[in-house]
Amino acid sequence: KAGVTQTPRYLIKTRGQQVTLSCSPISGHRSVSWYQQTPGQGLQFLFEYFSETQRNKGNFPGRFSGRQFSNSRSEMNVSTLELGDSALYLCASSLDRDRNSPLHFGNGTRLTVT
Amino acid sequence: AQSVAQPEDQVNVAEGNPLTVKCTYSVSGNPYLFWYVQYPNRGLQFLLKYITGDNLVKGSYGFEAEFNKSQTSFHLKKPSALVSDSALYFCAVRDRNRDDKIIFGKGTRLHILP
């Protein structure tokens with residue numbers, strides 16, 4: 001069974017631009033969540049989607065948005081990029097049974113904002 | 001509000017010695033607890049979880065973790081460290097009584113010295 005696939009692996013953007021990251025979950029997984037990883041802050045939760053509905057949202061500005069499609073694939077978008085948005089963005093999927101299913105992570109998209 | 005603390009940014013252990021990576025948590029209800037490991041330039045991999053029952057949980061690669069409700073801790077342990085255990089380790093918690101997100105600690109970098 002294929003794992004969680006994130007594209008692209010690397011992105012370089014300039015301040016003010018916008019970016020879209022993509023995530024394909026493991027087949028059969030309906031829950032997809034996104035995290036921002038930086039050396040100083042560790043893993044910070046962005047949002048979680050289940051069956052195309054946003055179930056939870058982290059404490060990020062409105063420039064960060066996401067969506068989930070009917071096939072469970074998910075995208076996140078960051079508009080008006082800032083230098084501080086440089087990070088590794090991780091997507092994770094899960095079966096979400098009983099809310100204790102393990103998360104399965106992709107290898108991430110490393111975003112560099114210059 | 002939920003929170004997770006990993007008090008050590010880095011832990012150094014000689015190969016063959018026992019290792020412990022510490023984690024304490026705070027939730028309003030009863031927790032689901034998780035450990036994940038991240039190897040360089042990779043996403044996180046699930047190691048083990050605590051749901052209920054026996055306080056000692058066994059997971060992948062010979063790791064285990066002990067749930068201590070009175071101390072609100074969930075320390076990760078291994079009897080004999082391997083150089084290949086060197087990685088970044090994350091503790092995570094989810095309140096089982098609330099429809100809330102998984103919260104991760106900031107991570108502990110484990111160095112196993114040959």
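For the structure given in this document, a descriptive report is provided here. (Residues numbered from 1 in each chain as written. Chains lettered and ligands numbered in written order. Predicted model: local features only at pLDDT ≥ 70, side-chain atom pairs only at ≥ 80, totals over all residues. Heavy atoms only, no water.)

**Section: the interface of chain B and chain A**
Heads up, the condition is: Residue contacts follow a heavy-atom distance rule, with two residues in contact if any of their heavy atoms lie within 4.5 Å. A simple way to read buried area is as the amount of 1.4 Å-probe accessible surface that goes missing from two parts once joined, with both sides added. Here, a salt bridge means any Lys or Arg side-chain nitrogen found within 4 Å of an Asp or Glu carboxyl oxygen. In protein, a polar contact means a hydrogen-donor-capable atom and an acceptor-capable atom, both N or O and within 3.5 Å, with residues adjacent in sequence counting only if both atoms are side-chain atoms; elsewhere, any N or O pair within 3.5 Å suffices. In this description a helix means any DSSP run of H or I spanning at least four residues, a strand means any run of E spanning at least two, and both kinds are numbered starting from the N terminus. We call Asp, Glu, Lys and Arg charged. Ala, Val, Leu, Ile, Met, Phe, Trp, Tyr, Cys and Pro are nonpolar, and the rest, Gly among them, are polar.
Listed by partner, the interface residues are 21 residues for chain B and 24 residues for chain A. Here chain B meets chain A over a buried area of about 1900 Å², counting both sides, of which 49% is carbon and sulfur. Where chain B meets chain A, there are 1 salt bridge. A salt bridge links Arg94 of chain B to Glu48 of chain A, with the shortest nitrogen-to-oxygen separation between them at 3.8 Å. On the surface where chain B and chain A come into contact, there are 5 residue pairs in polar contact (both at pLDDT 80 or more). Of the residues forming the side of chain B that touches chain A, the biggest block, 4 residues, is contributed by strand E5 (residues 31-38) of chain B. Among the residues making up the side of chain B that touches chain A, the classes are represented as 10 nonpolar, 4 polar and 7 charged.

**Some thoughts on the side chain of Asn100 of chain A**
In plain terms, the rule: Between buried and exposed lies partly exposed: a residue is buried under 20% and exposed over 50% of the maximum accessible area for its type, with that area taken using a 1.4 Å probe on protein chains only.
Looking at the secondary structure, you find Asn100 of chain A in the loop between strand E9 (87-94) and strand E10 (104-105). By relative accessible area, Asn100 of chain A is classed as buried at 9%. With residues near it in sequence (within four places) discarded, Asn100 of chain A still touches Tyr32, Phe34, Lys49 and Ile51 of chain B.

**Let's talk about the state of the cysteines**
Selection rule: A pair of cysteine sulfur atoms is labelled a disulfide when the two atoms are within 2.5 Å.
Evaluated as defined, the whole model comprises 2 disulfides over all chains. Two residues share a disulfide in this structure: Cys23 of chain A and Cys91 of chain A, whose sulfurs sit 1.8 Å from each other. Its torsion about the S-S bond being -60 degrees, the disulfide of Cys23 of chain A and Cys91 of chain A is classed as left-handed. In this pair, Cys23 of chain A sits in strand E3 (residues 19-24) while Cys91 of chain A sits in strand E9, placing the two residues 68 residues apart along the sequence. There is no split in this pair, since Cys23 of chain A and Cys91 of chain A are both buried. Paired through a disulfide, Cys23 of chain B and Cys91 of chain B show a sulfur-sulfur distance of 2.0 Å. Disulfide Cys23 of chain B-Cys91 of chain B: torsion about the S-S bond near -65 degrees, hence left-handed. Note that Cys23 of chain B is positioned in the loop between strand E3 (19-21) and strand E4 (24-26) and Cys91 of chain B in strand E10 (residues 87-95), a separation of 68 residues in sequence. By the burial criterion, Cys23 of chain B is buried, and Cys91 of chain B matches it.

**Quick notes on unusual backbone geometry**
Looking along the chain, the bond that leaves Thr7 of chain A and enters Pro8 of chain A is cis, with omega of -10 degrees. Secondary-structure assignment places Pro8 of chain A in the loop between strand E1 (5-7) and strand E2 (10-13). With phi around 75 degrees, Glu52 of chain A is a residue other than glycine that occupies positive phi space. Using a relative accessible area of 47% as the deciding quantity, one classes Glu52 of chain A as partly exposed. Phi is positive for Thr72 of chain B, which is not a glycine, with a value near 45 degrees. Note that Thr72 of chain B resides in the loop between strand E8 (64-68) and strand E9 (73-78).

**What to know about the nonpolar core**
Applicable threshold: Nine residue types can take part in a nonpolar core, namely buried Ala, Val, Leu, Ile, Met, Phe, Trp, Tyr and Cys, and a core is a set of them joined through side-chain atoms within 4.5 Å.
Counting 28 residues, the largest nonpolar core has Leu19, Trp35, Leu47, Leu48, Phe74, Leu76 and Tyr89 of chain B as the members making the most contacts within it. At the level of elements, strand E2 (10-14), E3, E5, strand E6 (44-50), E8, E9, E10 and strand E12 (108-113) of chain B are the ones that each hand at least two residues to this core. Here Leu19 of chain B is in contact with Val13, Phe63, Leu76, Lys77, Lys78, Ala81, Asp85, Leu110 and Ile112 of chain B, once residues within four sequence places are set aside. Counting 21 residues, the second largest nonpolar core, distinct from the first, contains Leu11, Val19, Val78 and Leu111 of chain A.

**Notes on the pairing of strand E11 (residues 109-113) of chain A**
All names here are of chain A. The criterion, for reference: Should DSSP find at least two bridges between two strands, the strands are regarded as paired.
Only one face of E11 is covered, namely the one carrying Thr109, Leu111 and Val113; the face carrying Arg110 and Thr112 has none of its residues buried. Here 4 bridges tie E2 to E11, and the two strands are oriented parallel to one another. Following the sheet pairing, Leu11 is matched in E11 by Leu111. By the bridge criterion, 3 bridges tie E9 to E11 in an arrangement that is antiparallel.

**A word on the side chain of Arg63 of chain A**
The topology assignment puts Arg63 of chain A in the loop between strand E6 (53-57) and strand E7 (64-68). Within polar-contact distance, the side chain of Arg63 of chain A engages the backbone oxygen of Thr80 of chain A at 3.1 Å.

Geometry only, nothing functional implied.
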